[in-house]
Amino acid sequence: MNTSSSRLGINGMGRIGKLTLWHHIARKHFDELVVNLGRPVGKSIADIAHYVERDSTYGFLADYLYGHGARPVIQEIDNANQSLVIDGIRVWFLLENRNPQAIDWKSRQVKLVVDTTGQFIDPTLPADHPKGSVRGHLEAGAEKVVVSAPFKIKDQRQEMPEDAVTTVMGINDHDYDPRRHRIVSNASCTTTCLAHMMKPLINIF
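Residues numbered from 1 in each chain as written. Predicted model: local features only at pLDDT ≥ 70, side-chain atom pairs only at ≥ 80, totals over all residues. Heavy atoms only, no water.

Trainee: Is there a simple way to explain the overall build of the chain in this structure?
Mentor: Check the secondary structure of the chain and you find five helices and 11 strands. Radius of gyration (C-alpha) of the chain: 18 Å, near the 17 Å computed for a compact globule of 205 residues. For the chain, buried positions account for 43% of its 205 residues. With an accessible surface of roughly 11,600 Å², the chain has 53% of that area assigned to carbon and sulfur atoms. When the 24 positive and 23 negative side-chain charges of the chain are each reduced to one mean point, those points stand 2 Å apart. (Helix = DSSP H or I, 4+ residues; strand = E, 2+ residues; numbered from the N terminus. Rg over C-alpha atoms; globule rule 2.2 N^0.38 Å. Buried < 20%, exposed > 50% of the residue type's maximum accessible area, 1.4 Å probe, protein only. Areas by Shrake-Rupley, 256 points an atom, 1.4 Å probe, with all protein chains shown as cover. Lys, Arg positive; Asp, Glu negative; His and termini not counted. Charge placed at Lys NZ, Arg CZ, Asp CG, Glu CD.)

Dropping the structure here:
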């Protein structure tokens, strides 16, 4: 693994995880991506490649990047190192640990993680919670975590931690303080859609 490159970690590979991967393959802000699947998938990395390159709604990754009829963009399948090269971006796959605390982001030099599992949404739970916690990513070496779902605090006696914040881009993203907030939720798709419709109406009054 190239020690000088910038990396994004993605935890989970459902629809949101896959589209996060597609987005960052297109954007190329990060040199490498590290995707934690948390368990063996298929018989080889080739099976993962088959899953990555197509989507039931959006079609083929190549078409998403370059338009209809584009050539395949998966350029290398490396079973030995559990990685793919997709449109010039190296993507590593981790298949061992589902608990965020056990994912070794530190040795992978991943500082930013997007958790797309929808399972770890309570920012009040400690990193060593038996069922896993979003804070486990921080314990495992990440510096920031973006959660792809709204927070849900199970114990209503608990308040939102000082290092966690919910933002909707274009609405209240100014609430994010990079010096203080380490866990960020971008709310839900419903909240985001409604917020952008309601804000102009609220601003009138």
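Trainee: It is not clear to me how the pairing of strand S9 (residues 144-147) should be interpreted in this structure. Could you clarify?
Mentor: As a general feature of sheets, a regular strand has side chains that alternate between the two faces. Burial along S9 is one-sided: the residues Val145 and Val147 are buried and none of Lys144 and Val146 is. Sheet analysis places strand S8 (residues 112-115) next to S9, joined by four bridges and oriented parallel. Pairing of Val113 across the sheet is with Val145, part of S9. Sheet topology places S9 next to strand S11 (residues 183-185); three bridges connect them, and they run parallel. The partner of Val146 across the bridge, within S11, is Val184. (Pairing = 2+ DSSP bridges.)

Trainee: I'm lost on the pattern of salt bridges in this one. Help?
Mentor: Pairing between side chains of opposite charge can happen when the charged atoms of each approach one another. Applying the stated criterion across every chain yields a total of 10 salt bridges. Among the salt bridges present, the one from Lys18 reaches Asp55, with a minimum N-O distance of 3.8 Å. Of this pair, Lys18 sits in helix H1 (residues 15-27) while Asp55 sits in strand S3 (residues 54-55), and the two are 37 residues apart along the sequence. Like Asp55, Lys18 is buried. The network of salt bridges with common partners includes Arg15, Lys18 and Asp55. (Salt bridge = Lys/Arg side-chain N within 4 Å of Asp/Glu carboxyl O.)

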